[in-house]
Every structure is written in structure tokens, then in C-alpha cells.
Amino acid sequence: MLEIFKSITFVDILDIVIIAFMVYRVLLLIKGTIALRMTLGVIFILIFASFSNFFGFKATSWVLNNLTGYLFLSIIIIFQPEMRRALAVIGDTKVFNKQDKINKGIIDEIVKASTILANKQIGALIVIQREIDLLPYIQVGTTLNSELNKDILVSIFIPYSPLHDGAVIVIDGKIVYAGSILPLTKRVDIDKKFGTRHRAALGITEETDAVCVVVSEERGTISVSYRGNFTSELDADSLKETLSHIFNVDETKEAFDDK
């Protein structure tokens, strides 16, 4: 036993740590999704196949061995959303990404509009496109190509507005589409207090690197969805801080530049 431990090198330890980290990140990606149950099913099949081979169950082994031959292709198909999300996270670096055209002024307008809507308990869903094009993932609503300010955002989401029942898509600091339909998340661990808007926000941020600001109509609260996760119960200051952090906006520098 001591000889085994003595033969372990630093490279071996580093190798194990890397694999453990990769497994941990994969589990985080599939946590709360149907993919987790499917992963457990695949593991069960592999274990049962080994069990059958060990005890000489010829018929069972034949069926399971032939079934496991298709597992690799099945995993690619089943885990396609999770694989896309993982690759998007890997590629989300300053080296490869273009600079977001979201500045302090844009963030301020979104914060003001979200606060007004939350105080009036008017639901809203604002999606900010980043590096990944949203068009393959959404049903485009009405094209606006409008400047972004709080008055336009509030007017879009007022209940009697024809565009209120959908998402606003912000691209390069402008309101490009309104009334757009987003894909809903397939996660099963979502709190029941979150409605369709929140599920749509999770859905699009699971598939892309977009950032979503959600205003709850029922509770009058503000949330931000990014990379398939929620930051909830935000006030104006915490919303501004969250968006500034995501878009790497240095408020001190912005204020200096404005002068």
C-alpha cells in the first residue's frame, strides 16, 4: 500500500483534480434538469451491464452491450442544450468576445424603467443580447430599432400596449424588437413563485449568453437572469450593481468620462 502512495506523483494528483473539477462543473450544469435523471439512467445501464458480464447473463449482456454502443450518440442528442451552454461559458472570455455596447447610461435607463414598472406591479421582460445572436432562439415580434430610454420601455410594457405581452430585445444599446417570444426552461426545480416570464428568462440565458431583467407582475419584484441562474429581489441599487458587474461597467470611469 505504501509503495502505491509513493508512486503517485504531483502530475497524477493534478490529473485527478482536473477530472474531479470537470465532473463537478458538469453536475452543476445539469443540476435541476431532466438531464440529471438521464445521467443516472446511463450510469445504471453501465453498472448493470458490468454486473451481467460478471455473472455470465449472456442474453442480458448481449442486449445491454448492444445498447451501450448507442450511448455516445444518445448522450450528444440528449445533452445538446447543456453542451451548448458549457461551450458558451468556455468561449465567454475577453479574448474572444467583442466589447458590449452597454454603458452606464443604458444601464441607468433600464434600472429606472424596471423600478417604475416594479412599483406599479407591471410585468416586464428585457433581454440584452451579447455575443450570441438571439434570432435562432426567439420568435421575433415587432421591429422597433428605437433608442433605449425609460419612457419607451415603460410605454411598451403598460398593460394596454399591444406589445406588452412579450420580451423586449436590446441589441447594441437599442430596442430592436418588442413582443418577442422566448423559449421556456425545461428545468424542474424552479420555485413555483416564478411565472412564465421568469421561465422564459431562464430558457434564453441557458441557451445563450444574454442577460435578462425580469419584473414580476404578481409581486412587483425585479430579478436578473444570466447563464441560467437568477439573482432575485433586487432594488434599484442592487440591480444597477448587478448589471454593471456583468457588463464590466466601471461607474467611476464612466462618471469621469461624462465630465
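Bear in mind that the values here come from a model prediction, so they are computed numbers and not experimental data.

> Please clarify how the overall build of the protein should be interpreted in this entry.
Each helix and strand in the protein was counted, giving 11 helices and 7 strands. In the protein, buried positions account for 38% of the 259 residues. Within the protein, residue pairs in contact and separated by at least 24 positions form 58% of the contacts whose partners lie at least 6 positions apart. Counting every atom, the protein has about 15,800 Å² of accessible surface; 62% of that belongs to carbon and sulfur.

> Even after reading the chapter, I still don't get the pattern of salt bridges, so can you show me in this structure?
Side-chain pairing between opposite charges can occur once the charged atoms of the two side chains come close. Counting across every chain of the model gives 5 salt bridges. A salt bridge links K112 to E109; the nearest nitrogen and oxygen atoms lie 4.0 Å apart. A residue pair is termed a helical-turn pair when its members lie 3 or 4 positions apart in one helix, as K112 and E109 do in helix α7 (residues 104–119) at 3 residues. Among the salt bridges present, the one from D151 reaches K150, with a minimum N-O distance of 3.1 Å. Salt bridges sharing partners connect three or more residues here, namely K104, D108 and K240.

> Help me understand the sheet that holds strand β2 (residues 142–147), please; the structure alone is not making it clear to me.
In a beta sheet, neighbouring strands are held together by backbone hydrogen bonds and run either parallel or antiparallel to one another. Within the open sheet, the 7 strands sit side by side as β2-β4-β3-β1-β5-β6-β7. Their pairing is mixed. Every interior strand has two partners, whereas the edge strands, β2 and β7 (229–234), have only one. Here the strands of the sheet are splayed against their neighbours by 20° on average, with no regard to which way each runs. Helix-sheet contacts for helix α10 (residues 236–246) involve β5 (211–215), β6 (222–226) and β7, and the interaxial angle to β6 is about 15°.

> What is the right way to read unusual backbone geometry from this model?
Glycine aside, negative phi is the norm for most residues, and most peptide bonds take the trans geometry. Despite not being glycine, N145 has its phi angle at roughly 50°, a positive value. Among the structural elements, N145 can be located in strand β2. Phi is positive for R227, close to 55°, though the residue is something other than glycine. Along the chain, R227 turns up in the loop between β6 and β7.

> Quick question: what am I supposed to make of the environment of T208 here?
The residue T208 is located in the loop between α9 (196–207) and β5 in this model. A relative accessible area of 4% means that T208 is categorised as buried. Put simply, T208 and G228 are 20 residues apart on the chain and 8.9 Å apart in space, counted from C-alpha to C-alpha. Non-local contacts of T208, meaning those with residues more than four positions away in its chain, are made with I132, L134 and Y137. Within the local environment of T208, its side chain forms a polar contact with the backbone oxygen of I204, the two atoms lying 2.8 Å apart. Within the structure, T208 has its side chain in polar contact with the backbone nitrogen of A210 (distance 3.2 Å).

> I would appreciate a short explanation of α10 in the present structure.
Since there are 3.6 residues in each turn of an α-helix, residues three or four apart along the chain are aligned in direction. Those residues of α10 that sit buried are L239, T242, L243, S244 and I246. Near the N-terminus of α10, the side chain that reaches the backbone nitrogen of D237, with its oxygen 3.3 Å away, is that of D235. Just beyond α10, the residue with positive phi is N248, at close to 55°.

> Teacher, can you tell me more about the packing of α7 against helix α8 (residues 150–157) here?
One way to put it is that α7 packs onto α8 with a least axis distance of 8 Å and a crossing angle of 35°. Where α7 crosses over α8, the two elements pack in a sense that is right-handed. The residues of α8 that touch α7, namely those facing E109, I110, K112, A113, I116 and L117, are K150, L153, V154 and F157. Within the contact of α7 with α8, the residues separate by chemical class into 7 nonpolar, no polar and 3 charged.

> Help me understand α7, please; the structure alone is not making it clear to me.
Between the first and last C-alpha of α7 there are 22 Å, a value that for 16 residues agrees with the 22 Å anticipated at 1.5 Å per step. Residues of α7 that are buried include every one of K104, I106, I107, D108, E109, I110, V111, A113, S114, L117 and A118, and no others. At the N-terminal end of α7, a side-chain oxygen is found 3.1 Å from the backbone nitrogen of G105, two or three residues along, and the residue is N103. Looking one or two residues beyond α7, the residue adopting positive phi is Q121, at roughly 55°.

Calculation notes
Residues numbered from 1 in each chain as written. Predicted model: local features only at pLDDT ≥ 70, side-chain atom pairs only at ≥ 80, totals over all residues. Heavy atoms only, no water. Helix = DSSP H or I, 4+ residues; strand = E, 2+ residues; numbered from the N terminus. Buried < 20%, exposed > 50% of the residue type's maximum accessible area, 1.4 Å probe, protein only. Contact = heavy atoms within 4.5 Å. Areas by Shrake-Rupley, 256 points an atom, 1.4 Å probe, with all protein chains shown as cover. Salt bridge = Lys/Arg side-chain N within 4 Å of Asp/Glu carboxyl O. Pairing = 2+ DSSP bridges. Axes fitted to C-alpha atoms, helices over the stretch in contact; angles between N-to-C directions. Polar contact = N/O pair within 3.5 Å; in protein donor to acceptor, adjacent residues only side chain to side chain. Left-handed = near helix turned anticlockwise from the far one by under 90°. Nonpolar A, V, L, I, M, F, W, Y, C, P; charged D, E, K, R; others polar. Expected span 1.5 Å × (residues − 1).

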